[in-house]
Amino acid sequence: DDRTHQVKVQGSYTFPFQLTASVSANYRSGAPRTRYGWFDSYGRPELFLTTRGAEGRSPSLFQADLHVGYPIAVGPVTINALIDLFNVFNSQDAVVVDNRYSFNQADNDSPTPTNARYGLGRQFQEPRTLRIGLRASF
C-alpha cells in the first residue's frame with residue numbers, strides 16, 4: 001500500500017442556531033503495480049515477474065463525506081438528529097487491482113497474461129451511502 005501522496009482535510013462549523021455541518025475528504029495517489037507469477041508448489045501467485053511499480057500505478061482514490069447534526073433538548077436529555085452522506089461524489093475506483101499474470105507456473109513467461117482479469121479491479125470503493133440517525137445524550 002505504498003501511496004506516494006496522501007491528503008486528508010476535515011472541517012466543521014456550528015451555526016448560531018446550533019446546526020453543525022462538517023466535511024471530511026481524503027485523496028490517495030495510486031499504489032505501484034507489480035506483475036505476479038504463479039508458483040505451482042504453493043498453489044498461488046508468489047513470484048515477482050517485474051520490478052516493483054513496473055506495471056504502473058493503480059488509480060488514485062478520492063472520497064468526500066458530509067455530516068449534519070442538530071441537537072434537540074428534551075428535558076435533561078439531548079436528542080441529536082444526524083445525517084451522514086458518505087462518498088458524496090459516488091467515486092467507485094478500484095482499491096485493489098488484480099496483478100496475477102497467470103494461474104500456472106508454465107504460463108509466467110507468456111507474452112500476454114493468461115489471467116483474463118489481469119490489470120482489472122478486484123475491490124472497489126463503497127458506493128454513496130446515506131445514514132440517518134438519532135443519538136441521545138444525558
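Rules behind the numbers
- Residues numbered from 1 in each chain as written.
- Predicted model: local features only at pLDDT ≥ 70, side-chain atom pairs only at ≥ 80, totals over all residues.
- Heavy atoms only, no water.
- Phe/Tyr/Trp six-rings, centres within 6.5 Å; stacked < 30°, edge-to-face > 60°.
- Buried < 20%, exposed > 50% of the residue type's maximum accessible area, 1.4 Å probe, protein only.
- Salt bridge = Lys/Arg side-chain N within 4 Å of Asp/Glu carboxyl O.
- Helix = DSSP H or I, 4+ residues; strand = E, 2+ residues; numbered from the N terminus.

Q: Help me get a handle on the packing of aromatic side chains, residues and values and all.
A: Two numbers describe a pair of aromatic rings. These are the distance of the centres and the angle of the planes. Summed over the entire model, instances satisfying the criterion amount to seven aromatic pairs. Consider the rings of Phe39 and Tyr42, whose centres lie 5.1 Å apart with planes at 55°: the pair is tilted. Exposure remark for Tyr42: the relative accessible area of 55% places this residue in the exposed category. When the ring of Phe62 is compared with that of Phe89, the centres are 6.1 Å apart and the planes differ by 35°; the resulting orientation is tilted.

Q: How would you summarise the pattern of salt bridges if you had to cite specific residues and measurements?
A: Under the definition given, this model contains five salt bridges. With its nearest N and O atoms 3.0 Å apart, the salt bridge here joins Arg131 to Asp84. Pair noted here: Arg131 is in strand β9 (residues 129-137) and Asp84 is in strand β6 (residues 77-86), with a separation of 47 residues, a long-range link. Look at Asp84 and you get buried, because its relative accessible area is 10%. Notably, a salt bridge pairs Arg100 with Asp98, separated by 2.9 Å at the nearest N-O pair. The partly exposed category is assigned to Arg100, whose relative accessible area is 23%. Here Asp98 falls in the buried class, since its relative accessible area comes to 2%.

Just geometry here; none of it tells us what the structure is for.
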